[in-house]
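# Architecture and fold: a report
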Amino acid sequence: MMLLRSTISLSTRRHLLTALRSSTLQPRHQPLALSIRQLVPSRSFGATAIARDNGDVKQSLHTLTEDEEMMREMVSRFARDVVLPKVSEMDESENMDPSVIRGLFETGLMGIETPADLGGSEASFLSAILVIEELAKIDPSVSVLCDVHNTLVNTVFRQYGSDHLKQKYLPLLATEKLGCFCLSEAVSGSDAFALQTHAELDGDHYVLNGSKMWITNSDEADVFLVFATVDPSKGYKGITCFVVDRDMGIAIAKKEKKLGIRASSTCQLSFDNVRVPVENVLGDVGKGYKIAIEILNEGRIGIAAQMVGLAQGAFDAVLPYLFQRKQFGSFIGDFQGMQYQYAQIAVDIEAARLLTYNAARLKEEGKPFVKEAAMAKLYASQVAERASSRAVEWMGGLGFTRDLPVEKFYRDCKIGAIYEGTSNIQLQTIAKLLAKEYKD
């Protein structure tokens, strides 16, 4: 893979890559105390680091900067050494191990795009996508925790927060406090702007009343981005985004018991006269709908990356078995019928990955990406279902047991067609944009 030049010195690059690849970096299955900030404490991953050569050299979508390559290698190591030993226990208990969350913070993975002067890694958006993909290869539950925190919560603060809110919350979100994004309600799923949670101005506070459903990270989170209407008569133009701390009075009404991504908390929330300071309005009053639309378009690329990682994880888990298991005197992976199947899944995964990387690059370049993000999310979720289902079948009875990881990938994959916009919503988005393109 061709690596592009960045602002790291040659000797530093060699040192970092050697350290990352060294088997002595950390004992296997021990906490990985290595972070991007520790590797290069005096350097941020800013615009010059993510710039790509636009000259005569043609680049593939797999061409990464050195920063992105190092980030991917570090996360892959973290996922294997820290997350993998806990996957089964977390899935069975339906709880995220606190040490995993701590590890994500300690390695700088909870402020990937956050500026360095606010405690973050100041890396590229594609770096965040690579992180989400690598984590999902091992555990999609950990992946979505990191995804929502970075691509939704942190991004909303960076793009729409006042200087006061950025200075107050971004350092905490990069180093110790988990965030969640509270939009969905019982009456507002795909029709997100039918929400009924209400915020009433009372002096220098807003008073929130209502409830939320399906909120990822909410059991462990300290910072909640809550969408509520300040004036129901204005419809979606009354929707406003509020920053709410857990200790302001948010109540967990119910933690859902789910088919998949069981270690990732999904809860119902209750707001009963929760008082929120006026300065905790994020963005302009009545502009919350704009924030939600724009941020979910970006977030769909993150979910696509999660599904690509899940599909690859299932594929990687099953392929060695095909060349260990013999039937009728031959490895089952050598039968032509099997070859056609795993070759096709490999093509599907690569196509989904390229759709995802392309959407991420378009977003980074400031070009329109909504259609491409919807395509990536739609197709990656379909591929994740096919790949994980095939993985179970290829392993036969073993694949149907909980002793091996493929059945968990199969359970985890279904959420990809549901959250951050169902598959039908993605198709509708794609169709609308195509109609507009061809009608014009």
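## So, the packing of aromatic side chains
Taken as a whole and judged by the stated rule, the model has 7 aromatic pairs. Taking the centre distance of 6.4 Å and the plane angle of 85 degrees together, the rings of F193 and Y289 count as edge-to-face. Pair noted here: F193 is in the loop between β3 (179–182) and β4 (198–202) and Y289 is in helix α10 (residues 288–322), with a separation of 96 residues, a long-range link. Taking the relative accessible area as the measure of exposure, F193 reaches 28% and is therefore partly exposed. Above the ring of F331, the side-chain terminus of K326 is found at 4.9 Å from the ring centroid. K363 extends its terminal NZ or CZ atom over the ring of F125, reaching a point 4.6 Å from the ring centre.

## Here we look at the nonpolar core
F157, F181, L225, F227, L282 and W394 are the most contacted members of the largest nonpolar core, which totals 59 residues. Sorting the residues of this core by element identifies α8 (140–160), α9 (163–175), β6 (223–229), β7 (239–245), α10, α11 (336–364), α12 (370–394) and α13 (406–413) as the ones contributing at least two each. When residues in this core are grouped by element, the largest group, 16 residues, is from α10. Apart from residues no more than four positions distant in its own chain, W394 is found in contact with F315, V318, L319, Y321, L322, I332, M338, Q341, Y342 and I345. Grouped together as the second largest cluster of nonpolar side chains are 27 residues, M74, V87, M110 and A263 included.

## Describing the pattern of salt bridges
In this structure the tally under the stated criterion is 25 salt bridges. Where R411 meets D91, a salt bridge forms, and the shortest distance between an N and an O atom there is 2.8 Å. You can see R411 sitting in helix α13 and its partner D91 sitting in helix α5 (residues 87–93), a full 320 residues away along the chain. Note on accessibility: R411 and D91 belong to one class, buried. A salt bridge links E256 to K254; the nearest nitrogen and oxygen atoms lie 3.5 Å apart. Looking at E256, the relative accessible area reads 10%, which means it is buried.

## Observations concerning the environment of V156
Looking at the secondary structure, you find V156 in helix α8. The exposure class assigned to V156 is buried, which follows from its relative accessible area of 0%. In this view, V156 contacts G161, F181, L225, L282, I291 and I295; residues no more than four positions away in its chain are not counted.

Conventions used here
Residues numbered from 1 in each chain as written. Predicted model: local features only at pLDDT ≥ 70, side-chain atom pairs only at ≥ 80, totals over all residues. Heavy atoms only, no water. Phe/Tyr/Trp six-rings, centres within 6.5 Å; stacked < 30°, edge-to-face > 60°. Helix = DSSP H or I, 4+ residues; strand = E, 2+ residues; numbered from the N terminus. Buried < 20%, exposed > 50% of the residue type's maximum accessible area, 1.4 Å probe, protein only. Lys NZ or Arg CZ within 6 Å of the ring centre and 35° of its normal. Core = buried A, V, L, I, M, F, W, Y, C linked by side-chain atoms within 4.5 Å. Contact = heavy atoms within 4.5 Å. Salt bridge = Lys/Arg side-chain N within 4 Å of Asp/Glu carboxyl O.

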